[in-house]
Amino acid sequence: IDLQHNKATMAATPQTNGRSNSDTYRSHPYIKRMKYVIFPTNTKILWWDFLLILVVCYYALAIPYHFGIGGGYKLYSNIRFFIFNTCLDAIFITDSILVFFRAYRDKDGRIIFSHRSIALRYIKSGWFFVNLLASTPTVLILYIGYKQEYLVQSLHSSGVRFYFFLGLFKLFRLYGLNGRIKHLMDTSEFVSGLWVKINIMTAKMFEFLLVIILLTHWLGCIWGFIAFVEVGSFEKELMLSTPNWMGNWQKINTVPGGLYALGWENTTGRYWLCMFWASQTITSIGYGDILPVTTAEYALANFLMLSSGIFWAYVTAIIVEIVTNANKLNRDSIQRWNDASQMVCDFAAQNLPEKMTGTTAGVKASKRVRLFLTDERDHCTRNTLDEKNALTLSEAYPTLDVLSPELRKVCALHLTHTYLETIPYLSSKYLSTDDQAEIALQCRTLEFAAGEHFSSHPEFGRGLLIFKY
């Protein structure tokens, strides 16, 4: 057993003391330790990663909300909410321990399952310390040791303030979320299969919308949090008597039946007020009805507005790119129609004898061209139109040219096998898989207008036609 390279070499040895070779190998200390290693393809660990992704996503929304909008009040005043968040903290603690038992692949793709190598890698990466802080059960500590002190003094208590801010470390788990998602996509058949079927542009647009919503949520919660820090509480009397933007806004805009943001219980009104400020700041609208009051609020507002301006420029560029790619088919169609219109206008002879127009005599060539291009667009299964007719499989699907030879043949068969099987002497009954793949890669796609006669192609001559309607 080579401990340095994590390789186990089994040599044939005679049985000793009545024990078989397999019993001897299984009793070896290093082999026995392997049963405590969690390998990347373990089904249970895939479900665990999925659960952890959901927990991290929940924390990405809940922690900023509890800090900036609720002030943590519901965590300690609602027992069911407290139990729920304590269970989530337990999941973080469990995951921090499980990492010490999870095998990983090195840069050469080999699976490393030595406990010592796993532990060293985990500690040297720095994630052990981040996960340790993120796993601190701050909710449980505050509930047991500081509940009454929190409900009375809120952030004015130094102990409450320490554990309150320590809970922010849970957001650092977001940084490691990409690794978990990539692991699921690489290992889980269901996730990888689902990803292949999704349109990339649609997925990118959905992902981008989620990022915008999340950042707006964070920005609003940060804006609410600065008022909470300035006052140290969301109590109505304190908010109105202490200089802060929220209390100042409420004094000016209090109307019967209107939005009221002050008080521990008015979290909904407070959230939508903060989101309103965040939305108009990110989009550069700036109505000017919500203004900072203190020096700290002005400093934070300047920073958030500058950051939002940069982010919005990035948002605009990404949206333009996504929309442009999404509408490429329509843009190609319009360009092709414009070119066709120019061609028809340049016809030297607008009318031709019937013997020269084929079976569609009586129908103008301009209409036939328009119908052909319309049908081509309506039946296109991709995001772009072909640059010419009579394409080889590689020209129609350029991805084939960048694949490995084996994968190229497999994909070619996926595209054409159903059609080849309709011709007996080209079917798998008489041809091998390699032969069918070679024929598939030589196939060409042809498009015809309705009513055309076809006997041979001017460039490729005669051939076998398989029609797809």
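This is a predicted model, so every value here is computed, not measured.

### Some points on the overall build of the protein chain
Helix and strand counts for the protein chain come out as 23 helices and 4 strands. The contacts in the protein chain between residues at least 6 apart in sequence include a share of 65% that link residues at least 24 apart. Carbon and sulfur atoms make up 62% of the accessible area of the protein chain, which totals about 29200 Å².

### Some thoughts on empty space enclosed by the protein
Applying the stated criterion across every chain yields a total of 3 cavities of 30 Å³ or more. Approximately 160 Å³ is the volume found for the largest cavity. Lining the largest cavity are 15 residues, and of these F67, L75, T138, V139 and G167 sit closest to its centre. When contributions to the lining of the largest cavity are tallied by element, the ones reaching two or more residues are α3 (43–70), α4 (73–77), α8 (138–145) and α10 (158–166). Of the residues that constitute the lining of the largest cavity, the class distribution is 9 nonpolar, 5 polar and 1 charged.

### Section: the layout of surface pockets
Regions of empty space are outlined by a rolling probe, equal in size to a water molecule, passed over the atoms. Taken as a whole, the second largest pocket encloses approximately 1500 Å³ of empty space. Residue lining of the second largest pocket: 32 residues in total, with I53, C57, L177, I181 and L210 positioned closest to the centre. Of all the elements in the fold, those that place two or more residues in the lining of the second largest pocket are α3, α11 (177–187), α12 (189–197) and α13 (200–231). Take the lining of the second largest pocket: its biggest share by element is 10 residues, from α13. Looking at the lining of the second largest pocket residue by residue, the classes come out as 27 nonpolar, 3 polar and 2 charged.

### A look at the nonpolar core
In terms of nonpolar packing, the biggest core is built from 51 residues, with W223, M239, W245, M246, L273, W277 and I290 touching the most fellow members. Those elements that place two or more of their residues in this core are α3, α5 (79–98), α11, α13, α15 (245–253), α16 (267–282) and α17 (295–326). Broken down by element, this core gets its largest block of residues, 11 residues, from α3. Ignoring any residue separated from it by four or fewer positions in sequence, one finds W245 in contact with W223, G224, I226, A227, L273, C274, I290, L291, P292, V293 and E297. Formed by 8 residues, the second largest nonpolar core is a distinct cluster that contains L393, A412, L420 and A440.

### Let's talk about the side chain of E297
Assignment of secondary structure puts E297 in helix α17. For the buried E297, no salt bridge exists, and the shortest N-O distance to an oppositely charged side chain is 11 Å, to K251. When neighbours within four sequence positions are excluded, E297 is seen to be in contact with W223, I226, A227, E230, N244, W245 and P292.

### Things to note about the confidence of the model for the protein chain
The predicted model of the protein chain has a mean per-residue pLDDT of 77, with 74% of residues at 70 or higher. Across residues 1–16 the pLDDT falls below 50, and counting only partners more than four positions away or on other chains, this stretch makes 24 contacts in the model.

### Focus on the packing of α3 against α16
For the pair α3 and α16, interaxial distance at closest approach is 10 Å and the crossing angle is 100°. Put simply, α3 runs roughly perpendicular to α16. Of α16, the residues touching α3 (which contributes Y65, I69 and G70) are T267, R270, Y271 and C274. Its residues assigned to classes, the contact of α3 with α16 comprises 4 nonpolar, 2 polar and 1 charged.

### Some points on the pattern of salt bridges
This model, assessed by the stated rule, comprises 9 salt bridges. We note a salt bridge from D95 to R180, for which the minimum N-O separation is 2.7 Å. Linking D95 in helix α5 with R180 in helix α11, this pair joins segments that are 85 residues apart in sequence. Accessibility classification places D95 together with R180 in one group, the buried group. Connected through shared salt-bridge partners, D49, D95, R102, R173 and R180 make up one network.

### Some thoughts on the packing of aromatic side chains
Applying the stated criterion to the full structure yields 22 aromatic pairs. Relative to W277, the ring of W223 has its centre 4.1 Å away and its plane inclined at 10°; by these criteria the two rings are stacked. Here W277 lies in helix α16 and W223 lies in helix α13, a separation of 54 residues in the sequence. Taken together through their ring pairs, the aromatic side chains of F67, F225, F228, F234 and W264 make up a single cluster.

Criteria and thresholds
- Residue indices follow the written sequence of each chain, beginning from 1 at its first position.
- pLDDT decides what is reported in this predicted model: residues at 70 or higher carry local features, side-chain atom pairs at 80 or more are listed and counted, and totals for whole chains, interfaces and linings draw on all residues regardless.
- For side-chain calculations, the full set of non-hydrogen atoms in the structure is used, while hydrogens and water are omitted.
- Numbering goes from the N terminus for both helices and strands, where a helix is a DSSP run of H or I of at least four residues and a strand is a run of E of at least two.
- Whether two residues are in contact is decided by their heavy atoms: any pair within 4.5 Å suffices.
- Computed with a 1.4 Å probe, the accessible areas rest on the Shrake-Rupley method; for each residue, only the protein chains presented here act as cover.
- Using protein atoms alone on a 1 Å grid, points that fit a 1.4 Å probe yet trap it form a cavity, whereas open point sets bounded by protein on both sides within 12 Å along at least five of seven lines form a pocket; residues with an atom within 4 Å of a point count as lining.
- Grid points are joined across faces, edges and corners, and a volume is the space filled by probe spheres set on the points.
- Three residue categories are used. Nonpolar comprises Ala, Val, Leu, Ile, Met, Phe, Trp, Tyr, Cys and Pro, charged comprises Asp, Glu, Lys and Arg, and polar comprises the others, including Gly.
- The nonpolar core is taken to be a set of buried Ala, Val, Leu, Ile, Met, Phe, Trp, Tyr and Cys residues, with the residues joined through side-chain atoms within 4.5 Å.
- Under the scheme applied here, a residue whose accessible area is under 20% of the maximum for its type counts as buried, over 50% as exposed, and between as partly exposed, the area being computed with a 1.4 Å probe on protein chains only.
- By the counting scheme adopted, Arg and Lys are positive, Glu and Asp are negative, and His together with the chain ends is not counted.
- By salt bridge we mean one thing: a side-chain nitrogen of Lys or Arg within 4 Å of a carboxyl oxygen of Asp or Glu.
- pLDDT is a per-residue confidence score from the predictor, ranging from 0 to 100.
- Structural elements are reduced to axes, namely lines fitted to C-alpha atoms, with helices fitted over the stretch in contact, and the angle between N-to-C directions of any two is expressed from 0 to 180 degrees.
- Comment on the angle field: the value is read as roughly parallel under 35 degrees, roughly antiparallel over 145, roughly perpendicular from 65 to 115, and oblique elsewhere.
- Stacked, tilted and edge-to-face are the three classes applied to pairs of Phe, Tyr and Trp rings, where Trp contributes its six-membered ring and a pair requires centres within 6.5 Å; stacked means planes under 30 degrees apart, edge-to-face means over 60, and tilted covers the rest.

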